[in-house]
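Here is what each chain is made of, one letter per residue.
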Amino acid sequence: MTHMFESALIQPGTVVNLSRRFVLKGLVSAGTLVIGTSFLPGAARAASAWKTGADLMTGGTVNNPHVFIAIDSSGVVTILASRAEMGTGIRTSLPMVVADEMEADWSQVRVEQAPGDNIKYGNQDTDGSRSVRHFFWPMRQCGAAMRMMLEQAAAARWEIDVSSVRAQNHEVVNLVTSEVVGYGALAKAASALAVPPVEALRFKDPRDFRYIGTGAIQIVDLRDITMGKATYGLDAKMPGMKFAVIAHPPVVGGKVVSYDASETLKVPGVEKVVTLATSPFPLAFQPLGGVAVIARSTGSAIKGREKLKVVWDDGPNASYDSVAYRAQMEEAVTKPGLVVRDDGDAEGALKSAAKVISATYYLPHLAHASMEPPTATAHVADGKCVAYVSCQWPGDCQTDVAKALGIARENVTIYPLLMGGAFGRKSCYDYVIEAALLSKATGQPIKVVWTREDDLQHDTYHTVSVERIDAGVDKDGKVVAWRHRTCAPSLMSTFKNDYDHQSPIELGMGVVDNPFDIPNLRCENPAAKAHVRIGWFRVVSNIPHAFAIQSMVGEIAAALGRDQRDMLLEMIGPARTLDPRTFRGVKDFWNYGDPVETWPIETGRLSRVVEIATDKIGWGRSLPKGHGLGVAGHRCFLSYIATAVEVAVDDKGNLSIPRVETAIDCGFYINPERIRALCEGGAVMGTALAKNSEMTFKNGRAQQSNFHDFLLARITEVPLKVGVHIVPADLNIPSSGVGEPPLAPFAPALCNAIFAATGKRIRNLPIGNQLAT
């Protein structure tokens, strides 16, 4: 089985995709140094958990990543990136760490994308905003080990003690004679040396970092993306490749009863029709099933599918109606639910409160709608499979493709390509398994292409949610009681049958970890059964939880005649360090997969970002008629983030957003340019979701099909100016998430600003025409 996959001409600091020429057993040649490090936990590890690089996801902890560096005889350094790239810049940021720590000249660095392999590279699931916090230290250790081996080789070359040499900008300097020798000349000798143990590693002083934290390095994909040369999943090609589009069951869990492909097979270019079995519940990442049309072009396959006549059994979700389901959830939150936190006596405090403020909030299903729909290209032959994919989780994808094909994991090779957006959808790789199964069935390389209609109508949707909050205020205007009922189908329903309550993962996203200084705080979770596939979505359940909680803060402030910012800071309370495991009633607290001891809740950091964001937007200044300011702050993915929004609403209800200011405290950071980009993108995405986006269902079927009815933000709707302010931090402040948090506070800040401008309270998203006069 032979495949050709051509990469663009490699420029300094750019990325190419890993191909057959770059495998460990074939990489080593004369004059080439390759290092694969394996770092073990325990006494040999750095003291704090953040320096351990622990990752509890599939593939075990990342204490044992195979992080590879190669130096050829010319001095070119090749760094392997094991995390997939979907716009966060991670396959630039982590190689930057290696290059900085090993004193490499970035102009002589090349980045290679690793294939999917959890055993070799550790966890490869690029989601959860954890790549930096879990991989910074292993990558730094790898760079330090490389630098020390080069220094040792140079010392031996000059027959002097290693203390008399120093690696500096791609060379090793003899501190006695001022001689220098390049990395390329040392590669062969260094390759014969033992890798230093972790406890012996000597790290650079952070003051000497050349790349880390400076923002001086552009992402390695930038040139190719700008020039239209970047290789995305849809760009993959294999000799003899055929194209497939699939008629999926219109209702999740549905099955093919019968089909008539006679007209389909008359379409020029269509070659055959293949059925895919519907996977049993729970679906997890398995294909939905259906009927695939195989053709010589995507256009022919689409036309062939249009002619296909299929009779469906819609299955157990045939009656799902999102309007009726919303009413059921709204009824559920009026009654007691499963208690998931119960500090003090919230029920008693609500009864005795001088004033009770109550509100119910609704957020709909959302589709990911990434610009590049799901796609994969696979060839199965001779008991092996090769696939080029647009996928966030190539390691587990390798494992599940192997299971689906009934072959050994080692016989499956997954090459991750650049993703044209993902937002969590491409952690579910059902479309990759589809391509593999269709290739096996046809004996040909197959590219599966999901159209926009497929993408929207068969997504792994963000959950729908109803949130009710009742707040009790005493005679002095202090909030003394808080009861939050959160009702939403769980993403765990995709992986477990009869999972009708939110999981600890979802409840740990702003509900049971609510940091407010309120003595009587109760959280309840009424049951809600899922009727569609629920999946990860950027910032996940922080979207509804933050929207409800921060909107309620605004409502309390308005009811009491208080300033929003002052009210929020008062409710956060004095600077404290909190451990939600000590909150009464909280079970199996989920701290984004990381230890609370290292990443506790620090309310002072939350207050600080609120203060920064509001100061930067000029909180309290005089505003023109129809303008208003709003603020929201939230802890999510272990970071602290606040957004202040200025809106303008004219007499006809037309909404514009002149200014947004976001402050983020994400601990120690690598690439400030990417942080700014992600926060700016969060404001754009947040505008779209809050103002326009919604998926609805009738008779189990998604009602939206393309961007004419699943609306994104137009260029005239997005914020005119977005300011981003990063709280400085040194290595003593553990890194935390950046990719997801910017979305969490945006919608509540926006809606609080709308209230300030108009007096209209938005409790149901999307905003749509609610502002129309």
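All of these numbers come straight from a predicted model, not from anything done at the bench. Every chain is numbered independently, its residues counted from 1 as its sequence is written. Local features in a predicted model are, by the rule used here, given only for residues with pLDDT of at least 70; side-chain atom pairs are given and counted only at 80 or more, and totals for whole chains, interfaces and linings are based on all residues. Side-chain measures here rest on the full set of heavy atoms in the structure, leaving out hydrogens and waters.

Our next topic: the sheet that holds strand β8 (residues 180–182). The three strands lie next to each other as β6-β7-β8, forming an open sheet whose pairing is antiparallel. The open sheet has two edge strands, β6 (165–168) and β8, and neither has a second partner. Along the sheet, successive strands turn relative to each other by an average axial angle of 25°, direction set aside. In this sheet, β8 lies alongside strand β7 (residues 171–174) in antiparallel orientation, the contact comprising three bridges. Directly across from V173, in β8, lies its bridge partner V180. In what follows, residue pairs with any heavy atoms lying within 4.5 Å of each other are defined as contacts. Whenever a helix is involved, its axis is fitted only over the stretch in contact; in every case the axis is a line through C-alpha atoms, and angles between N-to-C directions fall within 0 to 180 degrees. Numbering of helices and strands runs from the N terminus; a helix is a DSSP stretch of H or I covering at least four residues, while a strand is a stretch of E covering at least two. Helix-sheet contacts for helix α5 (residues 183–191) involve β6, β7 and β8, and the interaxial angle to β8 is about 75°. Strand pairing follows a simple DSSP-based rule, namely that at least 2 bridges must link the two strands.

Relative to the helices and strands, A408 is located in the loop between α10 (394–405) and β18 (412–416). A C-alpha to C-alpha distance of 40 Å links A408 and I212, two positions 196 residues apart in sequence.

The next subject is unusual backbone geometry. The amide bond that connects F281 to the next residue, P282, takes the cis arrangement and shows omega of -5°. Take P282: it is sitting in the loop between β11 (270–276) and β12 (290–295). The residue after L765, namely P766, is reached through a cis peptide bond having omega 0°.

Moving on to the domain arrangement of the protein chain. Domain start and stop positions are those given by an automatic or database domain assignment. For the protein chain, the assigned domains read domain 1 (2–226), domain 2 (233–316 + 374–449) and domain 3 (322–367 + 460–758). Using only C-alpha atoms to locate each centre, domain 2 and domain 3 end up separated by 37 Å. Both sides of the domain 2 and domain 3 interface together cover about 1300 Å² of buried area, and 59% of this is carbon and sulfur. Put simply, a salt bridge is a Lys or Arg side-chain nitrogen that is within 4 Å of an Asp or Glu carboxyl oxygen. Between domain 2 and domain 3 we count two salt bridges in total. Across the salt bridge formed by R533 and D430, the nearest N and O atoms sit 2.9 Å from each other. Nitrogen and oxygen atoms within 3.5 Å of one another constitute a polar contact, given that in protein one can donate a hydrogen and the other can accept it, and given that sequence-neighbouring residues count only through two side-chain atoms. Our count for the contact surface shared by domain 2 and domain 3 stands at six residue pairs in polar contact (both at pLDDT 80 or more). Charged means Asp, Glu, Lys or Arg here, nonpolar means Ala, Val, Leu, Ile, Met, Phe, Trp, Tyr, Cys or Pro, and polar covers whatever is left, Gly included. Looking at side-chain class alone, the side of domain 2 that touches domain 3 contains twelve nonpolar, three polar and three charged residues. Two parts lose some accessible area (1.4 Å probe) when they are put together, and adding that loss for both gives the buried area.

In spatial order, the strands read β14-β22-β21-β20-β15; together these five strands make up an open sheet with mixed pairing. At either margin of the open sheet sits one strand with a lone partner, and together these are β14 (338–343) and β15 (355–363). Going from strand to strand, the sheet's axes swing by 10° on average, the running direction of each strand aside. As judged from the five bridges shared by β14 and strand β22 (residues 520–525), these two strands associate in the antiparallel manner. Note on β22: the bridge partner recorded for V339 is E524. Packed onto the sheet, helix α8 (residues 322–332) meets β15, β20 (465–473) and β21 (479–487) and runs at close to 25° relative to β20.

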